[in-house]
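# What the coordinates show
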Amino acid sequence: MRTVLLTGFEPFDQDTINPSWEAVRALDGRLQDDIRIVARQLPCVFAQAPARLKQLLEEFEPELVIAVGLGPGRSDVCIERVAINLNDARIPDNLGEQPIDTPVVLQGPAAYFTTLPLKAMVQALKAAGIAASVSHTAGTFVCNQVFYCLQHALAGSAVRSGFIHVPELPEQAARSGGPSMPLSTQIEGLRIALITALNTVQDVRQSGGQVS
Ligand code: PCA
């Protein structure tokens, strides 16, 4: 049995819902005959999320891991390219901690790239009519911390892994005034993203960069 691990986050910043968790938990269960999707929730807590992630990697021994988080202000499905070795929290986490300019991993490299075929994923999402792009920053909060820890833990292994930020839900955007994407679109987007990651050996070569 092949396993794909998907993680989503609990609500944070005093919100009551986090679309990353709602979307991944809708995908929990069997995908195809020999592939199962395991969806689990991570705490939005600097002191707890890395250990929980490590525990899940050991428990399920997945061949593909996609961690998902909410990116308020994002307007499309963002496939993250790079995780940086820096915590710099603008708001407190769910235990009230707010690290400023600390490393994620002491003595760790400055950054890790995703090992997901991100261009192929963006292409597949767009072909399905779902807005998507490559993002070059996962921020400096708990999502980036989890992304960095994930890449650090799996560096040099054959397991592919990366991070996706999703937009707010329409009901959240009604309060924040920011962009949104319906939950059903987010679920379908993540499903397409993970199938593409499973089926793509070599990423497509297509410009996705920015001029500035
Ligand atoms: N988004 C936050 C942390 C949890 C989440 O869903 C972030 O982007 O860091």
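Since we're looking at a predicted model, the values are computed, not measured.

The next thing to look at is the packing of aromatic side chains. By the definition in use, this model includes four aromatic pairs. Here the aromatic rings of F46 and F141 are separated by 5.5 Å at their centres, their planes lie at 80°, and the arrangement is edge-to-face. Highlighted residues: F46 in the loop between β3 (35-42) and α2 (49-60) and F141 in the loop between β10 (132-135) and α4 (142-154), separated in sequence by 95 residues. Of the aromatic side chains, those joined through ring pairs into one cluster are F12, F46 and F141.

Below, the discussion takes up the site of the ligand. All residues in the neighbourhood of the ligand are listed as F9, F12, N18, C44, G69, L70, F141, V142, C143 and H165. In the environment of the ligand, an oxygen atom lies 2.9 Å from a nitrogen or oxygen atom belonging to the side chain of N18. Residue H165 places a side-chain N or O atom 2.9 Å away from an oxygen atom belonging to the ligand. Its free accessible area being 260 Å², the ligand has 94% of it covered by the protein chains. Residues of the shell around the ligand, tallied by class, amount to seven nonpolar, three polar and no charged.

Definitions and limits used
- Residue positions are given per chain, counting from 1 as you read along its sequence in written order.
- Whole-chain, interface and lining totals are the exception, using all residues; otherwise, since this is a predicted model, local features are given only for residues with pLDDT of at least 70 and side-chain atom pairs are given and counted only at 80 or more.
- Water and hydrogen atoms play no part in the side-chain values, which are based on all heavy atoms of the structure.
- Only Phe, Tyr and Trp rings are paired, with Trp represented by its six-membered ring, and only when their centres lie within 6.5 Å; those with planes under 30 degrees apart are stacked, over 60 edge-to-face, the remainder tilted.
- Strands are runs of DSSP state E lasting at least two residues, helices are runs of H or I lasting at least four, and both sets are numbered from the N terminus onward.
- A cutoff of 4 Å decides nearness: a residue is near a molecule or strand if any of its heavy atoms lies inside that distance of it.
- Polar contact is the term for a pair of N or O atoms within 3.5 Å; when the atoms are in protein, one must be able to donate a hydrogen and the other to accept it, and sequence-neighboring residues count only if both atoms are side-chain atoms.
- Computed with the Shrake-Rupley method and a 1.4 Å probe, the accessible areas treat only the protein chains shown as cover for residues.
- In this count, Pro and Cys sit with the nonpolar residues alongside Ala, Val, Leu, Ile, Met, Phe, Trp and Tyr, while Asp, Glu, Lys and Arg are called charged and the others, Gly among them, polar.

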